[in-house]
Amino acid sequence: WDCAGPGLGGGPRWDLRRAVERSAAKRAKEGGESAASAKVRQRAEMMLEQALSCSRQADVEFLFDDGAKLVKGHRALLCCASAAFEAMFESEMVEDSSGVVRVRDVSRSSFKGFLECVYLGEVRAAW
């Protein structure tokens, strides 16, 4: 099973851009976001950023063909973002039992950008 390929990122789970745009438009129309909503959003962003940068609680590892250093991730977040990851991690597949996913034809830096997008909704750093 190769998680990377032409179908990666397709499907309804990935199309969050329109929902985010609608939410931003609604907030602008209503005069901005409430203080409580802003606090919850900021806390969620901080938690996701911490999850992306901290691998102590990670439960899946990504191996690259070029021998690059492992990248770690969190099954729960990946399953929420992608039906393909959900199927991979909730099956009898090797990746489910081993916790190791082999990534082919994708560089480590590109994959880190992908994980930033999944975890944070945007790519913030150049890896």
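No experiment lies behind these values; they were computed from the predicted model shown.

(A) Region of interest: the overall build of the protein chain. Along the protein chain, the regular secondary structure elements total six helices and three strands. Within the protein chain, the proportion of its 127 residues that are buried is 25%. Residue pairs at least 24 apart in sequence account for 59% of intrachain contacts in the protein chain once pairs closer than 6 positions are excluded. Of the roughly 8,400 Å² that the protein chain leaves accessible, carbon and sulfur atoms contribute 54%.

(B) Quick look at the packing of helix α2 (residues 35-53) against helix α6 (residues 108-120). Contact pair α2 / α6: the axes reach a minimum separation of 9 Å and the direction vectors enclose 155°. It follows from the interaxial angle that α2 and α6 lie roughly antiparallel. The way α2 lies across α6 gives a crossing that is right-handed. Along the contact surface, α2 presents E45, L48, E49, A51 and L52, while α6 presents L115, E116, Y119 and L120.

(C) Quick look at the environment of F85. Along the chain, the position of F85 falls in helix α4 (residues 83-89). On a C-alpha basis, the gap between F85 and R75 in space is 7.9 Å, while along the polypeptide they are ten residues apart.

(D) Spotlight on the pairing of strand β1 (residues 60-64). Because side chains alternate across β1, one face comprises the buried residues V60, F62 and F64, and the other comprises E61 and L63, none of which is buried. Summarising the sheet, β1 and strand β2 (residues 71-73) pair through three bridges and their orientation is antiparallel. By the bridge assignment, E61 is partnered in β2 with K72. Connecting β1 to the antiparallel partner β2 that follows it, the hairpin turn spans six residues, and G67 within it adopts a positive phi of roughly 80°. Alignment of β1 against strand β3 (residues 100-103), held across four bridges, turns out to be parallel. Looking at β3, one finds that E61 is bridged to V100.

What counts as what
Residues numbered from 1 in each chain as written. Predicted model: local features only at pLDDT ≥ 70, side-chain atom pairs only at ≥ 80, totals over all residues. Heavy atoms only, no water. Helix = DSSP H or I, 4+ residues; strand = E, 2+ residues; numbered from the N terminus. Buried < 20%, exposed > 50% of the residue type's maximum accessible area, 1.4 Å probe, protein only. Contact = heavy atoms within 4.5 Å. Areas by Shrake-Rupley, 256 points an atom, 1.4 Å probe, with all protein chains shown as cover. Axes fitted to C-alpha atoms, helices over the stretch in contact; angles between N-to-C directions. Parallel < 35°, antiparallel > 145°, perpendicular 65-115°, else oblique. Left-handed = near helix turned anticlockwise from the far one by under 90°. Pairing = 2+ DSSP bridges.

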